[in-house]
Amino acid sequence: MAERNILITGGAGFIGSHVVRLFVGRYPSYRIVNLDKLTYAGNPANLADVERCPNYTFVKGDICDMESVCDLLLRYEIDGIVHLAAESHVDRSITDPFAFARTNVMGTLSLLEAARRQWDGRYDGKLFHHISTDEVYGTLGPDDTPFSETTAYDPHSPYSASKASSDHFVRAYHDTFGMPTVITNCSNNYGPYQFPEKLIPLCINNILHRRAIPVYGSGDNVRDWLYVEDHARAIDTVFHRGCPGESYNIGGGCERRNIEMVKGIIETVDRLTGKAPGTSLDLITYVADRKGHDLRYAINASKLADELGWRPKVSLDEGLERTVRWYLDNRAWTDSVTSGEYMRYYEAMYGGR
Ligand code: NAD
Ligand code: DAU
């Protein structure tokens, strides 16, 4: 019998696959059940190295299907949930907000309600860990202090509004029903297996294909970057040692303007592919800004550092190097996820550039 039975939702996506890999490897006495609908962003190949592990089980399914989730919680005697499944891309939320309300809001509510019914007030040893984002806090000016856990929510995109709403439901289940919950709000992740709709892998892929690199607006928007394996470690830390009812910010302490990031990626790709420095700078193309584009995100992660001892380990230089190397070594992965639906999306977003 397993020591614990953990449900990870969205485990076939970018961050989820790193969390599954970490939990399966570090906790051989746990059974890890990955529930994923396998949308365009979910890919079983992200977990090819894990799929045969005896403590790992994959279940294809939708978090919005509450009856099936109830059956799954019962069948696997789930006592902990790490909830990552979501629609995650801001640009897609601008073209199809309903998809975000459905999965991020209703899906989270259906998961909470399934857990409430299944756990039925027997909350000892149980935990619902909700993975959220710094975008719920809105946007910062250049000199504002970074977001803390007490910053008021002020989301601007349909994506961040849906994540903020899901956070409120999680807190409501804690406050109303006494369900042990924790929320983590993390900054921008990057690393292997990130779908090439997001800035960094899109940039790498476009350099490799000599396609234009679309920089929104002036390129002066600032993000706080965190290597994905550091995020997975933070989730492990909070899941095991976080205080129920609390939320924790997670960040890289590594703010960069988008244009600086793009130039850093170009430098790394050109160097690792043996091109002369600056070869791909001509691909930088300023395009129309994203609607409602938040200017700056920055995270104060001192609560997590002071109370639970987590700090990022991978510097931006090291993380970018590892990331670019991974995409160079795994071009078949990128080719497979950029065929079909991706190209239709890309054409609609960026036209023939
Ligand atoms: P992703 O888009 O790469 O993966 C999402 C996964 O969820 C996919 O495997 C998809 O198939 C699955 N999924 C989507 N809808 C589902 C449904 N209805 N039922 C079951 N599975 C479903 O996302 P990501 O970037 O890995 O983000 C994971 C989580 O982390 C999200 O909740 C996101 O809001 C949050 N987050 C992401 C970042 C980031 O920088 N990427 C930062 C902070 C927080
Ligand atoms: O902050 C955490 C969030 O980070 C997560 O909650 C989201 O799930 C995740 O997608 C990410 O959101 P962003 O919108 O910040 O990430 P994205 O990679 O889409 O964009 C990063 C920045 O780069 C942003 O300011 C928009 C800009 N950008 C993006 C793309 C795709 C461009 O300039 N050009 C592009 O083509």
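In the block above lies the structure referred to throughout.
Presented here is a report on the structure given in the accompanying data block. (Residues numbered from 1 in each chain as written. Chains lettered and ligands numbered in written order. Predicted model: local features only at pLDDT ≥ 70, side-chain atom pairs only at ≥ 80, totals over all residues. Heavy atoms only, no water.)

1. Section: helix 8 (residues 258–272)
Its 15 residues place the ends of helix 8 21 Å apart at the C-alpha level, agreeing with the 21 Å of an ideal helix rising 1.5 Å per residue. Among the residues making up helix 8, those that are buried are N258, I259, M261, V262, I265, I266, T268, V269 and D270. Along its buried surface, helix 8 packs onto helix 6 (199–208), strand 8 (213–216), strand 9 (222–227), strand 11 (255–257), strand 12 (284–287) and helix 10 (316–329). Following helix 8 by one or two positions, G274 has its phi on the positive side, about 75°. (Helix = DSSP H or I, 4+ residues; strand = E, 2+ residues; numbered from the N terminus. Expected span 1.5 Å × (residues − 1). Buried < 20%, exposed > 50% of the residue type's maximum accessible area, 1.4 Å probe, protein only. Contact = heavy atoms within 4.5 Å.)

2. Quick word on the side chain of N206
If you trace the backbone, N206 turns up in helix 6. Its relative accessible area of 0% is what places N206 among the buried residues. Within the structure, N206 has its side chain in polar contact with the side chain of Y346 (distance 2.7 Å). If near-sequence neighbours (up to four positions away) are discounted, N206 is found in contact with R211, A212, I213, P214, L283 and Y346. (Polar contact = N/O pair within 3.5 Å; in protein donor to acceptor, adjacent residues only side chain to side chain.)

3. As for the site of ligand 2
Near ligand 2, the surroundings consist of 24 residues, among which D134, Y159, P214, R290 and H293 are the closest. At a separation of 2.7 Å, an oxygen atom of ligand 2 approaches a polar side-chain atom of T133. Between ligand 2 and N188 there is a distance of 2.8 Å, counted from an oxygen atom to a side-chain nitrogen or oxygen. Every element with two or more residues in the shell around ligand 2 is listed here: helix 6 and strand 8. (Near = heavy atom within 4 Å.)

4. Topic: the site of ligand 1
Taken together, the neighbourhood of ligand 1 is formed by 28 residues, with I15, D36, S88, Y159 and K163 sitting nearest. In this structure, L84 approaches ligand 1 through a main-chain N or O atom, which is 2.9 Å from an oxygen atom. One of the side-chain nitrogen or oxygen atoms of S88 is found 2.7 Å away from an oxygen atom of ligand 1. Its free accessible area being 840 Å², ligand 1 has 97% of it covered by the protein chains. Among the elements that take part in the shell around ligand 1, strand 5 (residues 127–133) stands out by supplying three residues, more than any other. A per-class count over the shell around ligand 1 returns 12 nonpolar, 12 polar and four charged. (Areas by Shrake-Rupley, 256 points an atom, 1.4 Å probe, with all protein chains shown as cover. Nonpolar A, V, L, I, M, F, W, Y, C, P; charged D, E, K, R; others polar.)

5. Describing the pairing of strand 2 (residues 30–36)
In terms of residue burial, strand 2 counts as a mostly covered element, since six of its seven residues are buried. Where strand 1 (residues 4–9) lies against strand 2, six bridges are found, and the strand directions are parallel. Within strand 2, the position partnered with N5 by the bridge is R31. Taken together, strand 1, helix 1 (residues 14–26) and strand 2 constitute a β-α-β crossover, and its handedness is right-handed. Note that strand 2 and strand 3 (residues 56–60) share five bridges and pair parallel. Bridging across to strand 3, N34 finds its partner in F58. (Pairing = 2+ DSSP bridges. Right-handed = clockwise from strand over helix to strand, strands pointing away.)

6. A look at the state of the cysteines
With the rule as written, the count across this model stands at zero disulfides. Cysteine C70 remains unbridged, with the sulfur of C64 as its closest cysteine sulfur at 13 Å. The exposure class of C70 is buried, given its relative accessible area of 12%. (Disulfide = S-S within 2.5 Å.)

7. As for helix 1
With 13 residues, helix 1 extends 19 Å between its outermost C-alpha atoms, agreeing within 8% with the 18 Å of an ideal straight helix rising 1.5 Å per residue. Counting buried positions along helix 1 gives 10 out of 13 residues, so the element sits mostly inside the fold. Within helix 1, the full set of buried residues consists of F14, I15, G16, S17, H18, V19, V20, L22, F23 and V24. Looking at the buried side of helix 1, the elements it contacts are strand 1, strand 2, strand 3, strand 7 (188–190) and helix 7 (228–241).

8. Here's the deal with the pattern of salt bridges
Here the structure, examined in full by the defined rule, presents 24 salt bridges. We note a salt bridge from R92 to E341, for which the minimum N-O separation is 3.4 Å. One end of the pair, R92, is in helix 3 (residues 90–95); the other, E341, is in helix 12 (residues 341–350), with 249 residues separating them in the sequence. Between E321 and R271 there is a salt bridge, with its nearest N and O atoms 2.8 Å apart. Taken as a pair, E321 in helix 10 and R271 in helix 8 lie far apart in primary sequence, 50 residues in all. (Salt bridge = Lys/Arg side-chain N within 4 Å of Asp/Glu carboxyl O.)

9. Remarks on the packing of aromatic side chains
Two numbers describe a pair of aromatic rings. These are the distance of the centres and the angle of the planes. As enumerated under the stated definition, the model contains 21 aromatic pairs in all. Each residue in the set Y40, F195, Y342, Y345, Y346 and Y350 is aromatic and connected to the rest through ring pairs, giving one cluster. Over the aromatic face of Y40 sits the side chain of R92, whose NZ or CZ is 3.7 Å from the ring centroid. Note that R92 overlies the ring of Y345, its terminal NZ or CZ placed 4.0 Å from the centroid. (Phe/Tyr/Trp six-rings, centres within 6.5 Å; stacked < 30°, edge-to-face > 60°. Lys NZ or Arg CZ within 6 Å of the ring centre and 35° of its normal.)

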